[in-house]
Amino acid sequence: MALLNILHFPDPRLRTRAAEVTEFDEELKILISDMLETMYEAPGIGLAATQVNVHKRLLVIDISEEKNAPRVLINPRILSAQGEEEMDEGCLSVPGYYEPVRRAQKVRVRAQDENGNFFEIRADELEAVCIQHEMDHLEGKLFVDYISSLKRDRIRKKLERQKKQDQ
């Protein structure tokens, strides 16, 4: 297993729309393992392949307190969404920032596992928000796209300054 480099906003690669996964092979299983390790190390509760510069429709999440209940969703699709709630969201690609975002409260999702088998899950509250957040990454969208352009520009400038200082 290996830790992967997480792209940070405003890196343009985060805006790439991910392609469907068609090969369910050993390489994919290694990527999943590396993504889980990277997510736990960060630490975070979700990670989309786009965030590690792999533009495949793959995401991993684990909202458990013990960090022992990972879920892998490949080629996820939201079948239905209900309700609405606002929750503060953060992102491993936008470190240190949290903003309120409105999303569906409950979702029903169809996806594939690491072997290509289809399954459905019903998620609500934090798990539903996490899935929707990570699915946005697969479309090249970030949680900062839901906030005002003024706030988004402030965050972008601060992260760019921080990156220059770190180099």
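Just so it is clear, the model here is predicted, and its values are computed rather than measured.

### Considerations on the packing of aromatic side chains
The geometry of an aromatic ring pair comes down to the distance between the two centres and the angle between the two planes.
Then comes step 1: Applying the stated criterion to the full structure yields zero aromatic pairs.
Then comes step 2: Between R110 and the ring centre of F118, over which it is positioned, the NZ or CZ distance is 4.1 Å.

### Some points on helix 2 (residues 125-138)
Then comes step 1: Taking 1.5 Å as the rise per residue, helix 2 with 14 residues should run 20 Å; its terminal C-alpha atoms sit 21 Å apart, in good agreement.
Then comes step 2: With respect to burial, helix 2 is a largely interior element, 12 of its 14 residues being buried.
Then comes step 3: Buried within helix 2 are the following residues: E127, A128, V129, C130, I131, Q132, H133, E134, M135, D136, H137 and L138.
Then comes step 4: Once helix 2 finishes, G140 follows within two positions and takes phi at roughly 80°, a positive value.

### Here we look at the pattern of salt bridges
Then comes step 1: Enumeration over the complete set of coordinates arrives at 14 salt bridges.
Then comes step 2: Of the charged contacts, one joins D11 and R13 as a salt bridge, the two residues approaching to 2.6 Å between their closest N and O atoms.
Then comes step 3: If you follow the salt bridges from partner to partner, you end up with R17, E20, R57, R77 and E139 in one network.

### So, the sheet that holds strand 6 (residues 106-112)
Then comes step 1: Read from one edge to the other, the open sheet built from five strands follows the order 1-2-3-6-7, with strand pairing classed as antiparallel. Of all the strands in the sheet, the pair left with one neighbour each is strand 1 (46-48) and strand 7 (118-124). Averaged over all pairs of adjacent strands, the angle between strand axes in this sheet comes to 40°, irrespective of strand direction.
Then comes step 2: As paired elements, strand 6 and strand 7 share seven bridges and run antiparallel to each other.

### Things to note about a nonpolar patch on the surface
Then comes step 1: Where nonpolar side chains cluster on the molecular surface, the patch consists of I45, I63 and L126 and spans about 190 Å² of accessible area.
Then comes step 2: The partly exposed category is assigned to I45, whose relative accessible area is 30%.

### A look at the pairing of strand 6
Then comes step 1: Across six bridges, strand 3 (residues 71-82) lies against strand 6 in antiparallel orientation. Along strand 6, the bridge assignment pairs I74 with Q112.

### So, a positive patch on the surface
Then comes step 1: Taken together, the side chains of R154, K157, K158 and R161 make up a positively charged region of the molecular surface.
Then comes step 2: With respect to the helices and strands, K158 occurs in helix 3 (residues 149-166).

### Some remarks on the pairing of strand 3
Along any regular strand the residues' side chains alternate between the sheet's two faces.
Then comes step 1: Bridge analysis of strand 2 (residues 58-61) against strand 3 gives four bridges, and the strand direction is antiparallel. Across the sheet, I61 pairs through a bridge with R71, a residue of strand 3.

### A closer look at the side chain of D136
Then comes step 1: Relative to the elements of secondary structure, D136 occurs in helix 2.
Then comes step 2: Apart from the residues lying within four places of it in its own chain, the contact partners of D136 are R103, K141 and Y146.

### Some words on the environment of A104
Then comes step 1: Examined against the element boundaries, A104 turns out to sit in the loop between strand 5 (94-103) and strand 6.
Then comes step 2: When the C-alpha atoms of A104 and A81 are compared, they prove to be 5.8 Å apart, with 23 residues separating the residues in sequence.
Then comes step 3: With near-sequence residues (within four places) excluded, A104 lies in contact with A81, Q82, G83, E84, A128 and Q132.

### What about the side chain of E127?
Then comes step 1: Structurally, E127 is set in helix 2.
Then comes step 2: When residues no more than four places from it in sequence are discounted, the contact partners of E127 are I61, I63, R71 and R122.

### Let's talk about unusual backbone geometry
Then comes step 1: Cis peptide bonds are those with omega within 30 degrees of zero, and the linkage from F9 to P10 qualifies with 15°.
Then comes step 2: Of note, P10 is situated in the segment before helix 1 (26-41).
Then comes step 3: Residue P43 follows A42 across a cis peptide bond; omega there is -15°.
Then comes step 4: Its place among the elements puts P43 in the loop between helix 1 and strand 1.
Then comes step 5: Located in the positive-phi region is N53, a residue other than glycine, with phi close to 65°.
Then comes step 6: Along the polypeptide, N53 turns up in the loop between strand 1 and strand 2.
Then comes step 7: Look at N53 and you get partly exposed, because its relative accessible area is 33%.
Then comes step 8: The phi angle at E125 is positive, at roughly 50°, despite the residue not being glycine.
Then comes step 9: Locating E125 in the fold gives a position in helix 2.
Then comes step 10: Under the relative-accessibility criterion, E125 is labelled partly exposed at 46%.

Rules used throughout
- Counting starts from 1 at the beginning of each chain's written sequence and moves along it residue by residue.
- Per-residue local features are limited, in this predicted model, to residues with pLDDT of at least 70; the limit for side-chain atom pairs, both in listing and counting, is 80 or more; totals at the level of whole chains, interfaces and linings are taken over all residues.
- Hydrogens are left out, water is left out, and the side-chain values use all remaining heavy atoms of the structure.
- Stacked, tilted and edge-to-face are the three classes applied to pairs of Phe, Tyr and Trp rings, where Trp contributes its six-membered ring and a pair requires centres within 6.5 Å; stacked means planes under 30 degrees apart, edge-to-face means over 60, and tilted covers the rest.
- In this scheme, Lys NZ or Arg CZ marks a charge over a ring once it lies within 6 Å of the ring centre and within 35 degrees of the ring normal.
- Numbering of helices and strands runs from the N terminus, with a helix taken as a DSSP run of H or I at least four residues long and a strand as a DSSP run of E at least two residues long.
- Helix span is expected to be 1.5 Å times the residue number reduced by one.
- Accessibility here uses a 1.4 Å probe with only protein chains present; expressed as a share of the type maximum, an area under 20% marks a residue as buried, one over 50% as exposed, and anything in between as partly exposed.
- Should a side-chain nitrogen of Lys or Arg be within 4 Å of a carboxyl oxygen of Asp or Glu, the pair is scored as a salt bridge.
- Here the rule is simple: two strands pair whenever DSSP picks up at least two bridges between them.
- Inter-axis angles, ranging from 0 to 180 degrees, are taken between N-to-C directions of lines fitted to C-alpha atoms, where helices are fitted over the stretch in contact.
- In this scheme, patches are assembled from residues that exceed 30% relative accessible area and form no salt bridge. Like charges are connected within 9 Å, while nonpolar side chains (Val, Leu, Ile, Met, Phe, Trp, Tyr) are connected within 5 Å.
- Working definition of accessibility: Shrake-Rupley area with a 1.4 Å probe, residue cover restricted to the visible protein chains.
- Positive charges come from Lys and Arg alone, negative charges from Asp and Glu alone, with His and the N- and C-terminal ends not counted.
- Think of each charge as sitting on NZ of Lys, CZ of Arg, CG of Asp or CD of Glu.
- Any pair of residues with heavy atoms lying within 4.5 Å of one another is described as a contacting pair.

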